Amino acid sequence: MRPILTEMRVRLMSLLVLLAIPLVAVGCSGGDDGGGVDIAPASSASATSTVQATGVATPRATATPSATASASATATATLVASACPIAAEACSFINRMAQSVIAGNSQAVVSSSKSTFYTCPGPNGQPGGPFPLCDGARTGEVRAGFALRRIGGDAGSVSETDIVRLVAEWSARTEPGLSDEYGDGDAHAFTVACPGIQPNEARSCRERFSLVFSGLSPASSAGQAPLRTMLVVDVQRDGDDYRAVGFATGVLDTGLKLALRGGSGAASSQSVPTVLVGGPAGWSLVTFFPWDASALQR
């Protein structure tokens, strides 16, 4: 009886071994392939997730600073100084004018100007009218002159002789040996101010604009910082040519960054030096385009 049981056990064990071999083969084969298939998608999913997270996170991280920079200093970062910062047809004129102003050649400045005829209300008048041009004039007398804005003072009108003296004296007072954060004290052309023109519309600035010049003059008292003095030439298109039609001068202590380095801002903002911009009122925006006139130094 025992031999029979023993033989049955041997056969049963053999059968179990034979059944186990395919299972082991399948289990091993499935482990290798399944591992490759499972791991690859897991790696791809992880990489995709990382790339997507990085791609999304990076714009989000940079969007806020860009918006802030744009809001706080509109166009300053994108405006690049150019020898021809506005419409191409105006650049020959503005560079000739710059050369004359920087050299103190006031006669050349006036020869490229066009005066305005003012009807005098009488020999005396209030600030802001055609005075001092009309000082001593008869009521109804017509005199030719130029609009003049005094930074920190009253606007008015002056004669051609006054403009000749103004340009010559302003240029003579600038001193190259002085310096501040905007450069040396010599007379330089800095920007072209265009009222009503957006930063991306430089080539549309062709009808009316103002040329902004600046230099440093000694302070009235020893030990004080030098004075950042300005001379502005208002230009208007006159047919196929351009003419200077107005001027501004004085010491500027606010809005220097826009006036000298360029940028754009609302005319109602206190940081925008609208006194530097001539022409009719009513515009809401002014852009100061940086002007590279380094080749025009005296």
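Residues numbered from 1 in each chain as written. Predicted model: local features only at pLDDT ≥ 70, side-chain atom pairs only at ≥ 80, totals over all residues. Heavy atoms only, no water.

J.: How would you summarise the overall build of the chain if you had to cite specific residues and measurements?
T.: For the chain, the count of helices and strands is 5 helices and 11 strands. Taking as baseline every contact in the chain between residues at least 6 positions apart, the subset at least 24 positions apart corresponds to 62%. Here the chain has roughly 16200 Å² of accessible surface; of this, 58% comes from carbon and sulfur atoms. (Helix = DSSP H or I, 4+ residues; strand = E, 2+ residues; numbered from the N terminus. Contact = heavy atoms within 4.5 Å. Areas by Shrake-Rupley, 256 points an atom, 1.4 Å probe, with all protein chains shown as cover.)

J.: Any chance you could break down the packing of aromatic side chains for me, citing the residues and the numbers?
T.: Overall, the coordinates contain 4 aromatic pairs when judged by the stated rule. Taking 5.8 Å as the distance between ring centres and 80 degrees as the angle between the ring planes, the aromatic pair formed by phenylalanine 146 and phenylalanine 247 counts as edge-to-face. Separated by 101 residues along the polypeptide, phenylalanine 146 in strand E2 (residues 142–150) and phenylalanine 247 in strand E9 (residues 241–251) bring together distant segments of the chain. The pair phenylalanine 146 / phenylalanine 247 is uniform in exposure class, with both members buried. Chaining the aromatic ring pairs together yields one cluster made of Phe93, Phe209 and Tyr242. (Phe/Tyr/Trp six-rings, centres within 6.5 Å; stacked < 30°, edge-to-face > 60°. Buried < 20%, exposed > 50% of the residue type's maximum accessible area, 1.4 Å probe, protein only.)

J.: Report on the state of the cysteines, specifying residues and quantitative values.
T.: In this structure the tally under the stated criterion is 3 disulfides. Linked covalently through their sulfurs, cysteine 84 and cysteine 91 form a disulfide whose S-S length is 2.0 Å. On the S-S bond that ties cysteine 84 to cysteine 91, the torsion sits near 90 degrees, and the link is right-handed. Here cysteine 91 falls in the buried class, since its relative accessible area comes to 7%. Counting only the cysteines that form disulfides, in the order they appear in the chain, gives the pairing 1-2, 3-4, 5-6. (Disulfide = S-S within 2.5 Å.)

J.: Just give me the short version of the layout of surface pockets, but keep the residues and values in it.
T.: Roughly 240 Å³ of volume is contained in the largest pocket. In this structure, the largest pocket is lined by 17 residues; those nearest its centre are Thr116, Arg208, Gln236, Val245 and Gly246. Where the lining of the largest pocket is concerned, the elements lending two or more residues are strand E1 (116–119), E2, strand E8 (227–238) and E9. The leading source of residues in the lining of the largest pocket is E8, at 4 residues. Taken together, the residues that form the lining of the largest pocket break down as 4 nonpolar, 6 polar and 7 charged. (1 Å grid on protein atoms, 1.4 Å probe; cavity = no way out; pocket = protein on both sides within 12 Å on 5 of 7 lines; lining within 4 Å. Points joined across faces, edges and corners; volume = space filled by probe spheres on them. Nonpolar A, V, L, I, M, F, W, Y, C, P; charged D, E, K, R; others polar.)

J.: Report on unusual backbone geometry, specifying residues and quantitative values.
T.: Of the consecutive residues phenylalanine 131 and proline 132, the connecting peptide bond is found in the cis state with omega at 10 degrees. Topologically, proline 132 is positioned in the loop between E1 and E2.

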